[in-house]
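This is what each chain is made of:
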Amino acid sequence: EVEVGTKITKTWLLKNDGVSPWTSEVYLGKQTKGKLNPVSDSKVPELLPGKEGEVSVTLSLPSKEGKFRTPNFFLCHDGKKFGDRFWATVTAIKPKSADKDLAKVPVEDKPKKSYSQVTKDSVSKADAKQKADVKEPLGAHFVRDVNFPDNCLVAPGQAIKKTWVIKNTGPRAWPRGTKLVSLDGSTFGQHSTVEIMTKVGKGEQYNLSIDLVAPLETGKHTARFQLMSPQGEQFGHKYWINIQVSKFPSNKELKSMAMEFLADKEVVSVLQEELPVVIKEIRQGKKLASIVELVISKRPELKKHQFVIFIRPFLQSAERFMGFQLDALVSMYSFWAMTP
């Protein structure tokens, strides 16, 4: 409530939650006409992503009592609106007599703060807390690779979900909006990023995962990343994945993948459960490729293994080649048997 005919300053605390800084080209706009319009233009502070700042408007109350509302305010850049709308509602009341005010308020009491002063005080406290937080550095250290060790073999265009275990080694939790970003020198994954959606406190470990796609070009490739705060500050260790893209693994590499495949307890359990189905399909004369596809359709978790990824494309072509060889042998035997 404010006395009729007075001027007040309304202040909002806004936050830049985007990825681009607010420059001097950002300005305050209003959408609808209200009964309580600002008497002067307001300046929008220049803010980096994640930073907070004040936007104030000066309002002149009418000379009559009532409830009055400002227009809807919003931020604009290059003629385009962005962000949330905000407004204020003020009730204008008759001024109280000086005698009554003196009778109610003891002389030794401190004067009450106006609404704008209270708002500014709370904003100042928030700014002080934010500045104190900014002074504390952020930290992150690599602990270990969970999958896809250095120089692992992958197929062209293969989907990869790379995971590292990392640790928050800083004095405070990573702020909301912290994300993993690509670094210069990467030969793939340059446009990949992931935001950390859970709170990771001081000293806690975190499984950091990112989805990537292997290049179609064969050879060695590297993707490098680092954590970045909402303010654009990169911090902590750098993380990378080194891969070898190949269409045709060597016999030694394929054997190694097969041994790793069969050493997986989950794979062994799946194969044991599906063995009756495999035997039935073999007895019915089904081809190897179709049997493998049947098992994979029933147990899609097998798709993630490198051995399965590499062996599937070869099964059909290998089976056609073996069938051609068998047909050739049968024809040769028939020709020999008919020869006197």
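Novice: Please explain the overall build of the protein as it appears in this structure.
Specialist: Helices and strands together make up the secondary structure of the protein, namely six helices and 16 strands. Here the analysis covers contacts within the protein between residues at least 6 apart in sequence; of these, 70% occur between residues at least 24 apart. When the accessible surface of the protein is totalled, it reaches about 22,500 Å², and 56% of it is carbon and sulfur.

Novice: Looking at this structure, how should I read the sheet that holds strand β8 (residues 89–93)?
Specialist: Strand pairing in a sheet is mediated by backbone hydrogen bonds. Such pairs are either parallel or antiparallel. Sheet architecture is open: three strands sit in the order β1-β8-β5, paired in mixed fashion. Of all the strands in the sheet, just β1 (2–3) and β5 (66–69) have a single pairing partner and so form its edges.

Novice: Looking at this structure, how should I read the environment of P215?
Specialist: By the element assignment, P215 lies in the loop between β14 (205–213) and β15 (219–228). Measuring from C-alpha to C-alpha, the distance between P215 and G189 comes to 9.0 Å, with 26 residues separating the pair along the chain. Setting aside anything within four residues of it in sequence, one finds P215 in contact with P156, G157, F188, H221, I243 and V245.

Novice: Help me understand the nonpolar core in this model?
Specialist: Note that soluble globular proteins tend to have their nonpolar side chains buried in a common cluster. Membership of the largest hydrophobic core comes to 26 residues, with the highest contact counts inside it found for W174, L208, L227 and I243. Those elements giving two or more residues to this core turn out to be β10 (152–154), β11 (159–167), β14, β15 and β16 (234–245). With five residues, the top contributor of residues to this core is β16. Residues V2, V4, L59 and A92 belong to the second largest nonpolar core, which totals 22 residues.

Novice: Looking at this model, I keep getting lost on the environment of H237. Mind explaining?
Specialist: Summarising the element assignment, H237 is placed in strand β16. Its relative accessible area of 33% is what places H237 among the partly exposed residues. Spatially, the C-alpha atoms of H237 and I166 are 9.0 Å apart, while their sequence positions differ by 71 residues. Apart from the residues lying within four places of it in its own chain, the contact partners of H237 are A140, H141, F142 and Q226.

Novice: Got a minute to help me understand the sheet that holds β11 in this structure?
Specialist: Taken in spatial order, the three strands of this open sheet run β9-β11-β14, and their pairing is antiparallel. Two strands close off the open sheet at either side, each with one partner strand: β9 (141–145) and β14. When strand polarity is set aside, the average angle formed by the axes of neighbouring strands in this sheet is 35°. Pairing between β11 and β14: nine bridges, direction antiparallel. Residue pairing for β14: T163 is matched across the bridge by S209.

Novice: Explanation requested: the side chain of S229 in the structure shown.
Specialist: Along the chain, the position of S229 falls in the loop between β15 and β16. Judged by relative accessible area, which is 2%, S229 ranks as buried. If we skip the residues at most four places from it in the chain, S229 touches L138, T178 and F235.

Novice: What exactly am I supposed to notice about the pairing of β11 here?
Specialist: Consecutive side chains of a regular strand alternate in pointing toward one face of the sheet and then the other. Alignment of β9 against β11, held across four bridges, turns out to be antiparallel. Across the sheet, R144 pairs through a bridge with V165, a residue of β11.

Novice: Please explain the pairing of strand β6 (residues 73–77) as it appears in this structure.
Specialist: For β6, the tally of buried residues reaches four of five residues, placing the bulk of the element in the interior. Examined bridge by bridge, strand β3 (residues 26–30) and β6 share five bridges and lie antiparallel to one another. Looking across to β6, one finds that G29 is bridged to F74. Pairing analysis gives four bridges linking β6 to strand β7 (residues 80–86), with the strands arranged antiparallel.

Novice: Would you mind showing me how to read the side chain of N168 here?
Specialist: Looking at where N168 falls in the secondary structure, it is placed in the loop between β11 and β12 (179–182). Judged by its relative accessible area of 1%, N168 is buried. A polar side-chain atom of N168 sits 3.1 Å from the main-chain carbonyl oxygen of R172. Dropping the residues within four chain positions of it, N168 is found in contact with G139, A173, W174, V200, G201, K202, G203 and E204.

Novice: What should I look at first to understand helix α5 (residues 288–298) in this one?
Specialist: Because each turn of an α-helix spans 3.6 residues, side chains separated by three or four positions end up pointing in the same direction. Looking at α5, one finds that the buried residues are A289, I291, V295 and I296. The buried residues of α5 occupy an angular sector of 165° when projected down its axis, which confines them to one face.

Novice: What's the story with the pattern of salt bridges in this structure? I'm lost.
Specialist: Pairing between side chains becomes possible if they bear opposite charge and their charged atoms approach one another. Per the counting criterion, the structure on display carries seven salt bridges. Between K162 and D145 there is a salt bridge, with the nearest N and O atoms lying 2.8 Å from each other. Here the residue K162 occupies a position in strand β11, and D145 occupies one in strand β9, the gap between them amounting to 17 residues. By relative accessible area, which is 0% here, K162 ends up buried. Note that E274 is salt-bridged to K298, the shortest N-O span being 3.0 Å. With a gap of 24 residues between them, E274 in helix α4 (residues 265–283) and K298 in helix α5 connect regions that are remote in the sequence. Residue classification places K298 among the partly exposed positions, given a relative accessible area of 42%. Several salt bridges share partner residues, and in doing so they unite E273, E274, K298, R299 and E301 into one network.

The rules behind the values
- Residues numbered from 1 in each chain as written.
- Predicted model: local features only at pLDDT ≥ 70, side-chain atom pairs only at ≥ 80, totals over all residues.
- Heavy atoms only, no water.
- Helix = DSSP H or I, 4+ residues; strand = E, 2+ residues; numbered from the N terminus.
- Contact = heavy atoms within 4.5 Å.
- Areas by Shrake-Rupley, 256 points an atom, 1.4 Å probe, with all protein chains shown as cover.
- Pairing = 2+ DSSP bridges.
- Core = buried A, V, L, I, M, F, W, Y, C linked by side-chain atoms within 4.5 Å.
- Buried < 20%, exposed > 50% of the residue type's maximum accessible area, 1.4 Å probe, protein only.
- Axes fitted to C-alpha atoms, helices over the stretch in contact; angles between N-to-C directions.
- Polar contact = N/O pair within 3.5 Å; in protein donor to acceptor, adjacent residues only side chain to side chain.
- Arc of directions from axis to C-beta.
- Salt bridge = Lys/Arg side-chain N within 4 Å of Asp/Glu carboxyl O.

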